[in-house]
Amino acid sequence: MQNSMARAAARPMAGIIDDIEREDNKKGFEPDDLVAFHALVAHLTADGDRRAALVGRRARLTLAEAGR
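Residues numbered from 1 in each chain as written. Predicted model: local features only at pLDDT ≥ 70, side-chain atom pairs only at ≥ 80, totals over all residues. Heavy atoms only, no water.

### Regarding the overall build of the chain
No. 1: In terms of regular secondary structure, the chain is built from 3 helices and 0 strands.
No. 2: The order of helices and strands in the chain, counted from the N terminus, is α-α-α.
No. 3: When the 68 residues of the chain are sorted by exposure, 1% land in the buried category.
No. 4: Surface exposure of the chain reaches about 7000 Å², of which carbon and sulfur atoms provide 59%. (Helix = DSSP H or I, 4+ residues; strand = E, 2+ residues; numbered from the N terminus. Buried < 20%, exposed > 50% of the residue type's maximum accessible area, 1.4 Å probe, protein only. Areas by Shrake-Rupley, 256 points an atom, 1.4 Å probe, with all protein chains shown as cover.)

Now the structure itself:
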């Protein structure tokens, strides 16, 4: 059996998947994304606090401390 190249290949073009992704991106972060983001921020904050304590310094000021 021999394969024929008689038909042209389909051209890629934006379709319904692109439309769905665009609408989804407009909605912003989803809850799972927010949970992961908050976990990352908590980790980075704790790491920064630990590093500051190791060199005898306090971590950054809170909003309440900065307002005094």
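### Some words on the pattern of salt bridges
No. 1: This structure, assessed with the given rule, holds 4 salt bridges.
No. 2: Ionic pairing is found between Arg 22 and Asp 19, a salt bridge with its closest N-O pair at 3.0 Å. With Arg 22 and Asp 19 both in helix α1 (residues 16-26) and 3 residues apart, this pair spans about one turn of that helix.
No. 3: Put simply, Asp 47, Arg 50 and Arg 51 are held in one network by salt bridges that share partners. (Salt bridge = Lys/Arg side-chain N within 4 Å of Asp/Glu carboxyl O.)

### Some details on a nonpolar patch on the surface
No. 1: A cluster of nonpolar side chains, namely Ile 16, Ile 17 and Ile 20, defines an oily patch on the protein surface of about 330 Å² accessible area.
No. 2: Within the secondary structure, Ile 20 sits in helix α1. (Patch = residues over 30% accessible without salt bridge, like charges linked within 9 Å, V, L, I, M, F, W, Y side chains within 5 Å.)

### What to know about a negative patch on the surface
No. 1: Residues Asp 18, Glu 21, Asp 24, Glu 30, Asp 32 and Asp 33 make up a contiguous surface patch of negative charge.
No. 2: Among the elements of the structure, α1 and α2 (31-54) are those that each provide at least two residues to the negative patch.
No. 3: The leading source of residues in the negative patch is α1, at 3 residues. (Lys, Arg positive; Asp, Glu negative; His and termini not counted. Charge placed at Lys NZ, Arg CZ, Asp CG, Glu CD.)

### Some words on α2
No. 1: With 24 residues, α2 ought to run about 34 Å at 1.5 Å a step, and its terminal C-alpha atoms sit 35 Å apart, in line with that.
No. 2: Following α2 by one or two positions, Gly 56 adopts a phi angle in the positive range, close to 75°. (Expected span 1.5 Å × (residues − 1).)

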